[in-house]
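These are the residues of each chain, in order.
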Amino acid sequence: PGDSIELDSDVLSPFLQATQQLQLFVGFSPNLNATEHWQYLTAYPYGCLEQTTRKSRPFSAILNNAGKMSNIGDATEHEVNKKTAGALERYSELQRADGSFGLWSKTSPEQHWLTAYATDFIWDLKNKGVAVPNVLLKRATQRLESYLISRSSHHVKTWSSNPDHYTAAYRAYAAYVLAKQAKI
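Residues numbered from 1 in each chain as written. Predicted model: local features only at pLDDT ≥ 70, side-chain atom pairs only at ≥ 80, totals over all residues. Heavy atoms only, no water.

## Overview of the nonpolar core
1) Next: Membership of the largest hydrophobic core comes to 32 residues, with the highest contact counts inside it found for Leu49, Leu88, Tyr91, Phe101, Ile122 and Leu144.
2) Next: Counting residues per element, this core draws most heavily on helix 4 (residues 112–127), which supplies 8 residues.
3) Next: Discounting chain neighbours no more than four positions away, the residues touching Leu88 are Ile122, Leu125, Val130, Ala131, Val132, Pro133 and Leu136. (Core = buried A, V, L, I, M, F, W, Y, C linked by side-chain atoms within 4.5 Å. Buried < 20%, exposed > 50% of the residue type's maximum accessible area, 1.4 Å probe, protein only. Helix = DSSP H or I, 4+ residues; strand = E, 2+ residues; numbered from the N terminus. Contact = heavy atoms within 4.5 Å.)

Next comes the structure, spelled out in structure tokens:
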């Protein structure tokens, strides 16, 4: 109370005149627009491995350990169940024969780090009481175990000029997910 703030008159000068707008919100807690973000997630249209996980993970976050919903905004239990079931169905379409996941289909190249990411989410769903297909989680978990058991890294094409960085990252994530499952 009693504080003031002054902005230079040219604070918006780097932006096009037609797009300049300044808003100030003051309050004891930040306005995170949770409802707006929630609506965006529920309508997110894309379905690669990463996008499926990213758009579905918040739905598991609102489930308690009995698979029942915590109270959040406009979400309904039916909607949450539909989204988690849809994610699990999509994972079944993306899981390769060796238990890993492909980016767009089961014939896509293996995505090591994203396999750990998806398996982490699948495990979280199971832990929250969601009916997860046992074979889906078992095969994914076995693939993560193979990441750690193998003395040599799996064949990886990566963005990094040093593939060892990527190998360390996906193996560390696999170890974390396996530790959550008490597998190591």
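That covers the picture; the talk isn't over yet.
## Points about the packing of aromatic side chains
1) Next: Counting across every chain of the model gives 7 aromatic pairs.
2) Next: Taken together, a centroid distance of 5.1 Å and an interplanar angle of 50° make the contact between Trp113 and Tyr173 tilted. A residue pair is termed long-range when its members are at least 10 positions apart, and Trp113 in helix 4 and Tyr173 in helix 6 (residues 163–180) qualify at 60 residues.
3) Next: Owing to a relative accessible area of 15%, Tyr173 belongs among the buried residues under this scheme. (Phe/Tyr/Trp six-rings, centres within 6.5 Å; stacked < 30°, edge-to-face > 60°.)

## Quick notes on helix 6
Residues three or four positions apart in an α-helix share a direction because the helix packs 3.6 residues into each turn.
1) Next: In a regular helix each residue adds 1.5 Å, so 18 residues correspond to 26 Å; helix 6 covers 26 Å between its end C-alpha atoms and thus fits that length.
2) Next: Turning to helix 6, the residues buried within the fold contact helix 4 and helix 5 (134–149).
3) Next: Following helix 6 by one or two positions, Ala182 adopts a phi angle in the positive range, close to 60°. (Expected span 1.5 Å × (residues − 1).)

## Looking at helix 5
1) Next: Taking 1.5 Å of rise per residue, the 16 residues of helix 5 would be expected to cover 22 Å, and the 22 Å separating its terminal C-alpha atoms lies within 8% of that figure.
2) Next: For helix 5, the full list of buried residues reads Leu136, Leu137, Ala140, Thr141, Arg143, Leu144 and Tyr147. The arc enclosing the buried residues of helix 5, seen along the axis, measures out at 155°, which places them on a common side. In helix 5, those exposed residues whose orientation departs by more than 90 degrees from the buried face are Asn134, Val135, Lys138 and Ile149.
3) Next: Those residues of helix 5 that are buried lie in contact with helix 3 (77–94), helix 4 and helix 6. (Arc of directions from axis to C-beta.)

## A word on the confidence of the model for the protein
1) Next: Mean pLDDT over the protein works out to 84, with 88% of the residues at or above the 70 mark.
2) Next: By mean pLDDT, helix 1 (residues 34–43) is the weakest element of the protein at 73, and helix 5 is the strongest at 96. (pLDDT = per-residue confidence, 0-100.)

## Examining the side chain of Thr53
1) Next: Relative to the elements of secondary structure, Thr53 occurs in helix 2 (residues 49–61).
2) Next: A distance of 2.5 Å separates the side chain of Thr53 from the side chain of Tyr91, its partner in a polar contact. (Polar contact = N/O pair within 3.5 Å; in protein donor to acceptor, adjacent residues only side chain to side chain.)

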